[in-house]
There are 2 protein chains.
Amino acid sequence: MAMQKKQQNFRQHLVRSGLKATRQRELIARAFFATNTHISAEALYRRVSGRDRRIGLVTVYRTLKLLKEAGLAHERQFGEGRALFEHASSERHHDHMICTHCGKIVEFENCEIEALQEEVARKLGFTIQYHKLELYGRCKECRADASGGTGRIRVVGAR
Amino acid sequence: MAMQKKQQNFRQHLVRSGLKATRQRELIARAFFATNTHISAEALYRRVSGRDRRIGLVTVYRTLKLLKEAGLAHERQFGEGRALFEHASSERHHDHMICTHCGKIVEFENCEIEALQEEVARKLGFTIQYHKLELYGRCKECRADASGGTGRIRVVGAR
DNA sequence: CTTAGTGCAAAAGATTTGCACTTGT
DNA sequence: ACAAGTGCAAATCTTTTGCACTAAG
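Being a predicted model, the structure only gives us computed values, none of them experimental. (Residues numbered from 1 in each chain as written. Chains lettered and ligands numbered in written order. Predicted model: local features only at pLDDT ≥ 70, side-chain atom pairs only at ≥ 80, totals over all residues. Heavy atoms only, no water.)

(A) Broad picture of the interface of chain A and chain B. At the junction of the two partners, chain A supplies 34 residues and chain B supplies 33 residues. Buried area between chain A and chain B, summed over both chains or domains, comes out near 3100 Å², and the portion from carbon and sulfur atoms is 66%. Where chain A meets chain B, there are zero salt bridges. Remark: the boundary between chain A and chain B carries 16 residue pairs in polar contact (both at pLDDT 80 or more). Contributions of two or more residues to the side of chain A that touches chain B are made by β4 (95–99), β5 (105–108), α5 (111–124), β6 (127–138) and α6 (140–145) of chain A. The element contributing the most residues to the side of chain A that touches chain B is β6 of chain A, with 12 residues. Tallied by class, residues from the side of chain A that touches chain B come to 18 nonpolar, nine polar and seven charged. Across 11 bridges, the pairing between β6 of chain A and strand β6 (residues 127–138) of chain B is antiparallel. Pairing of I128 of chain A across the sheet is with G137 of chain B, part of β6 of chain B. (Contact = heavy atoms within 4.5 Å. Buried area = accessible area lost by both parts, 1.4 Å probe. Salt bridge = Lys/Arg side-chain N within 4 Å of Asp/Glu carboxyl O. Polar contact = N/O pair within 3.5 Å; in protein donor to acceptor, adjacent residues only side chain to side chain. Helix = DSSP H or I, 4+ residues; strand = E, 2+ residues; numbered from the N terminus. Nonpolar A, V, L, I, M, F, W, Y, C, P; charged D, E, K, R; others polar. Pairing = 2+ DSSP bridges.)

Have a look at this one:
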């Protein structure tokens, strides 16, 4: 989905909900859609702050909440610390592989795993509503330099 | 592993690390090992508090950290809010299925899923260090009463 | 105009830390 | 004795909220 389209979807959601399309919301949404990684509220704030010094972190949090309600953003909690937000396009569900050394996040999907999850749930008498699968480890590059590492997550990018 | 044995393991870990076996640590560890569900620091604190009013929540947190270091406890973060701690026996790794309505937590293990995870990681050029798989949904009982529910997690037990 | 939005400061909630006092060894 | 532990209060850190002011429809 193109950025323009997403921006439009967001505006529609606002109108439908009787909310207003403000300068701040436009700017924050635009900055969010321009991202192609996972980004924290703080990091997104820094980006829009560069464009318009008057925007507050609080508004970023509030706008991200709206984006979630509009179905345009997903909030993820990897390890501890701040949440990261990613685009929630119409794409299928996916899971994440996170490098514990450099913080790189790779998305993947695997139907076989999903099927097995359903099977497990059925055996336990549960109906799955949603799930969370996160693989933590070392990416090729970080395995190569083998500089030890602490095992703690250090996100280099957006965090 | 019997409770007595775990208690002993903990004492050994303390000695090995040049730490002291205090009244508080003994009591907190005993209360933790007596648990057979997932318990929060707060809930564990309430339990030991009943036995000895003088013990502080801070000491519970510090002792849980020691138990983790001793390899006797695992810290889990389900949904948001406080962390839950579980026994880290010599048992194999397991994952969790959590009822979003009553908070029930069921453990399971599935080698096929684990194998597929390894395969995915290999294809992505990663080496897995650890993973987190959580299935959220409704248990049989909570599906039966079908009282709507908010989708938010409400843990009835220890939380 | 009238209702919603914004930004600041303050609150919240879970966990950690500084510090003076207490306790194992 | 002496290093380590404890409990309290205060600090952290991320996210949310109350409120007086501002702006969109």
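On we go.
(B) How the structure looks around the sheet that holds strand β1 (residues 39–40) of chain A. Residues and elements named next belong to chain A. Strand order in the open sheet formed by three strands is β1-β3-β2, and the pairing between neighbours is antiparallel. Two strands lie at the open edges of the sheet, namely β1 and β2 (73–76), each paired on one side alone. Strand direction decides the pairing type here: β2 and strand β3 (residues 84–87), joined by four bridges, are antiparallel. Pairing of A73 across the sheet is with H87, part of β3.

(C) Spotlight on the sheet that holds strand β1 (residues 39–40) of chain B. Residues and elements named next belong to chain B. The antiparallel open sheet is built from three strands, whose spatial order is β1-β3-β2. Of all strands in the sheet, those with a lone pairing partner are β1 and β2 (73–76), marking the two edges. Across two bridges, β1 lies against strand β3 (residues 84–87) in antiparallel orientation. Note that in β3 the partner of S40 across the bridge is L84. Helix-sheet contacts for helix α2 (residues 23–34) involve β1, β2 and β3, and the interaxial angle to β3 is about 80°. (Axes fitted to C-alpha atoms, helices over the stretch in contact; angles between N-to-C directions.)

(D) Broad picture of the side chain of E134 of chain B. Assignment of secondary structure puts E134 of chain B in strand β6. Only 2.5 Å separates the side chain of E134 of chain B from the side chain of Y136 of chain B, close enough to count as a polar contact. Among residues more than four places away in sequence, those in contact with E134 of chain B are Y130, H131 and K132 of chain A together with Q77, F78, H96 and I98 of chain B.

(E) Geometry of the protein's contact with DNA strand C. With respect to spatial proximity, 19 residues lie near DNA strand C, and among them K20, R25, R54 and T59 of chain A together with Y61 of chain B are the closest. Near-protein atoms of DNA strand C (within 4 Å) split between backbone and bases, with sugar and phosphate holding 71%. Between DNA strand C and G56 of chain A there is a distance of 3.2 Å, counted from a phosphate oxygen to a backbone nitrogen or oxygen. At 3.3 Å, a backbone N or O of A21 of chain B approaches a phosphate oxygen of DNA strand C. Elements represented by at least two residues in the surface near DNA strand C include exactly α2 (23–34) and α4 (57–69) of chain A together with α4 (57–69) of chain B. Residues that form the surface near DNA strand C fall into these classes: seven nonpolar, five polar and seven charged. (Near = heavy atom within 4 Å.)

(F) The pattern of salt bridges, seen in detail. All names here are of chain A. The full count for this structure, using the stated rule, is 18 salt bridges over all chains. The residue D52 makes a salt bridge to R23 at a minimum N-O spacing of 2.3 Å. You can see D52 sitting in the loop between α3 (41–51) and α4 and its partner R23 sitting in helix α2, a full 29 residues away along the chain. Look at D52 and you get buried, because its relative accessible area is 9%. Since its relative accessible area comes to 42%, R23 is described here as partly exposed. (Buried < 20%, exposed > 50% of the residue type's maximum accessible area, 1.4 Å probe, protein only.)

(G) How the structure looks around the side chain of H94 of chain A. Residues and elements named next belong to chain A. Assignment of secondary structure puts H94 in the loop between β3 and β4. By relative accessible area, which is 10% here, H94 ends up buried. Within the local environment of H94, its side chain forms a polar contact with the side chain of E86, the two groups lying 3.0 Å apart. Reaching out from H94, the side chain makes a polar contact with the side chain of E107 at a distance of 3.4 Å. When residues no more than four places from it in sequence are discounted, the contact partners of H94 are R76, E86, E107, F108 and E109.

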